[in-house]
Amino acid sequence: MAHFAVRYTYVDDAALLDAHRPDHRAFLRGLHEAGHLVLSGPLGGEPAGGLLVLEGESPEAVLALLDEDPFRKVGAVAEREAREWTVVIGELPAR
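Numbering of residues starts from 1 in each chain and follows the order in which that chain's sequence is written. Per-residue local features of the predicted model are confined to residues with pLDDT of at least 70, and side-chain atom pairs are confined, for both listing and counting, to 80 or more; whole-chain, interface and lining totals are unaffected and use all residues. Hydrogens are left out, water is left out, and the side-chain values use all remaining heavy atoms of the structure.

Draft legend 1. Quick peek at the overall build of the protein chain. For helices the rule is a DSSP run of H or I covering at least 4 residues; for strands it is a run of E covering at least 2, with both sets numbered from the N terminus onward. Assigned secondary structure in the protein chain consists of three helices and four strands. N-terminal to C-terminal, the α/β element order of the protein chain is β-α-β-β-α-α-β. Scaling as 2.2 N^0.38, a compact globule of 95 residues should have a C-alpha radius of gyration of about 12 Å, and the protein chain matches this with 13 Å. Counting only C-alpha atoms, the protein chain reaches 35 × 25 × 20 Å along its principal axes. Within the protein chain, the fraction of its 95 residues that count as buried is 34%. Contacts in the protein chain between residues at least 24 apart in sequence constitute 69% of all its contacts with a sequence separation of at least 6. A distance of 2 Å separates the average location of the 9 positive side-chain charges in the protein chain from that of its 16 negative side-chain charges. This radius of gyration counts C-alpha atoms alone. The globule rule is 2.2 Å times how many residues there are, raised to the power 0.38. Exposure categories follow from relative accessible area, calculated using a 1.4 Å probe and restricted to protein chains: below 20% of the type maximum is buried, above 50% is exposed, and the middle band is partly exposed. In what follows, residue pairs with any heavy atoms lying within 4.5 Å of each other are defined as contacts. For the purpose of counting charges, residues Lys and Arg are taken to be positive, whereas Asp and Glu are taken to be negative. His and the chain ends are not included. The atom standing in for a charge is NZ when the residue is Lys, CZ when it is Arg, CG when it is Asp and CD when it is Glu.

Written out as C-alpha cells, the structure is:
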C-alpha cells in the first residue's frame, strides 16, 4: 500500500465547521481504527484546511474513503486533493 497526503481546503464558514467538527473527527477516528488513516490535523494559516495521510491503492481509492466525511457531506470542504507521498527521511508510526 502507498501513502497519500490529502489536503482539504474548508469553506469560509466557522459556524458550519464548528457545528460538524465532532462528527468529522468521529468519522476520521473510524478510518484510523480501520487502518486507513495514519495521521490527520488542521493546517495553520489561511485558508482554513486540514492534512490527512492515508494508506491506499490510489488517489481515487483514498478520496472514495473520504466521500462519507461529514464535512464533505455538509459542504464544508471547498477543495480536496490527494497525492502519493513517499517518506524519505524519518518514519511513519508502526501500524
